[in-house]
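Understanding the architecture of this molecule
Listed here are the chains, written in short residue letters.
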Amino acid sequence: MKLTFPHLGNVGLPLRMMLEQAGAEVVMPPPNSKRTLSLGTKYAPESVCLPFKLTLGNFIEALEQGADTIFMANGPGRCRFGFYGEVQQRILRELGYQFTMLQVNTSEHVLQNILRALRTISPGLSWLQAGQAFRLGYTALQAVDMLEKELHRVRPREKEKQAASRIFQSVMDRLQRVKTIPEIRAVRDCGLQQLRRVPVNETPVLKIGILGEIYVVLEPFVTADIERRLAEMGVEVSKFLYPSDWASFNFFIKALKVFPEHGTAAAAAKPYLNYAVGGEGLKTVGQTVLCAQQDYDGVIQLYPFTCMPEIVARHMLPRIQEDLQIPILTLGVDEHTGAAGLQTRLEAFVDMVSRRKAAKCGK
Ligand code: SF4
């Protein structure tokens, strides 16, 4: 069995570790590229959301490289995501590819579903071994997110441009080569130390929250690496959507059925939207309110054009902007989005946010 799965930011590394530990041979699709996007766009329904097109492109490229099994998340929901697996399977079969698709329900009983999937991939695997493979992947996922958060803190302040990015990349390369939990922790701690030692400027930076649809927020190819672009403009970003946070919630907290409401995005969203609209729509609204309450300098909403949950959220944002006086930029992306246009809009927004902050501080 040669297993593949779609790209989603830095999630590929922990996922590959887990699957290989479980005994699978993994075929990573080539990194997202113009070719990936044009393949997905060519064969996907025209009006479907961008993540569908890119993940379809990933599957085609991985099948071309010999993969025979696709590992794909699914789950009933209020948006198109619930149909991805079925529709993509049909398209790929019509194109003549032969493969098996292993779909894992990520909307409930996520941990059990993952362990069961690992045992399907490697039939001889015991529950204990499946649990060990899961633990390895989960530890790596947490490590990657910790490193990324530190990268976001250091990068806008660094004295030498690209210093933090270079360290982050070399740590990610080292993580690719380790095989055990103590090794992951050692690489993580060493990487955190290296990032913390990067010489930084002491001048204050702008703080902007990045919210929106999870795939677009996590996958840098889609937004021409918006986080790096903002950091180069002296902006510290907070993402609020980290895979390890999602995993902790869905693996453990949800299973305990204890949902503290106070201080959550859902509670903060209530004056503007008081029900789930699918995807991260409710969270986008609520977290924007929380950003305003926590004195963020601005918020950027990222979403694929035609994404229903984020379109609902987008319609609430002007009211929040007016009520709570927080600048908000909404950026829709599709296969025609270019880096130059994105850069221009970011520069204009950051300039406005920075002038506004200076005026507030009486400078
Ligand atoms: S959240 Fe939006 S972009 Fe993501 S799958 Fe659903 S409709 Fe598509």
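A short tour of the structure in this document, coming up.

Conventions we followed
- Residues numbered from 1 in each chain as written.
- Predicted model: local features only at pLDDT ≥ 70, side-chain atom pairs only at ≥ 80, totals over all residues.
- Heavy atoms only, no water.
- Helix = DSSP H or I, 4+ residues; strand = E, 2+ residues; numbered from the N terminus.
- Rg over C-alpha atoms; globule rule 2.2 N^0.38 Å.
- Buried < 20%, exposed > 50% of the residue type's maximum accessible area, 1.4 Å probe, protein only.
- Contact = heavy atoms within 4.5 Å.
- Areas by Shrake-Rupley, 256 points an atom, 1.4 Å probe, with all protein chains shown as cover.
- Lys, Arg positive; Asp, Glu negative; His and termini not counted.
- Charge placed at Lys NZ, Arg CZ, Asp CG, Glu CD.
- Expected span 1.5 Å × (residues − 1).
- Axes fitted to C-alpha atoms, helices over the stretch in contact; angles between N-to-C directions.
- Parallel < 35°, antiparallel > 145°, perpendicular 65-115°, else oblique.
- Near = heavy atom within 4 Å.
- Nonpolar A, V, L, I, M, F, W, Y, C, P; charged D, E, K, R; others polar.
- Domains from an automatic or database assignment.

In terms of helices and strands, the chain carries 15 helices and eight strands. Here the C-alpha atoms of the chain give a radius of gyration of 21 Å, agreeing with the 21 Å that 2.2 N^0.38 yields for 363 residues. Along the three orthogonal principal directions, the C-alpha set of the chain runs to about 65 × 45 × 45 Å. Taking all 363 residues of the chain together, 51% fall into the buried category. Taking the intrachain contacts of the chain between residues at least 6 apart in sequence as the baseline, contacts between residues at least 24 apart amount to 73%. When the accessible surface of the chain is summed, it comes to about 17,100 Å², and 54% of that surface belongs to carbon and sulfur atoms. In the chain, 43 positive and 36 negative side-chain charges are present, and the distance between their average locations comes to 3 Å.

This brings us to helix 5 (residues 110-121). For helix 5, with twelve residues, the first-to-last C-alpha span of 16 Å sits near the 16 Å given by 1.5 Å per residue. Here helix 5 has its buried residues at Val110, Leu111, Asn113, Ile114, Leu115, Ala117, Leu118 and Ile121.

On to unusual backbone geometry, then. Not every positive phi belongs to a glycine, and His109 is a case in point at roughly 50°. For Gln325, which is not a glycine, the phi torsion comes out positive at approximately 55°. Mapped onto the elements, Gln325 comes out in the loop between helix 14 (308-324) and strand 8 (328-333). Overall, Gln325 belongs to the exposed group, its relative accessible area being 52%.

The N-to-C vectors of helix 6 (residues 127-154) and helix 7 (residues 163-177) enclose an angle of 170°; their axes lie 10 Å apart at closest approach. Here helix 7 runs roughly antiparallel to helix 6, going by the angle between their axes. Contacts between helix 6 and helix 7 involve Val144, Leu147, Glu148, Leu151 and Val154 on the former and, on the latter, Ala164, Ser165, Phe168, Val171, Met172 and Leu175.

Attention now moves to helix 15 (residues 339-360). Along its 22 residues, helix 15 runs 31 Å from first to last C-alpha, staying within 8% of the 32 Å computed at 1.5 Å per residue. Downstream of helix 15 by a residue or two, Gly362 has a phi angle that is positive, lying close to 75°.

Let us look at the site of the ligand. Surrounding the ligand, one finds Cys49, Pro51, Cys79, Arg80, Phe81, Tyr84, Glu213, Pro304, Cys307 and Pro309. Looking at the shell around the ligand, its residues break down into eight nonpolar, no polar and two charged. Residue contributions to the shell around the ligand reach at least three from each of two domains, namely domain 1 (2-125) and domain 3 (205-363).

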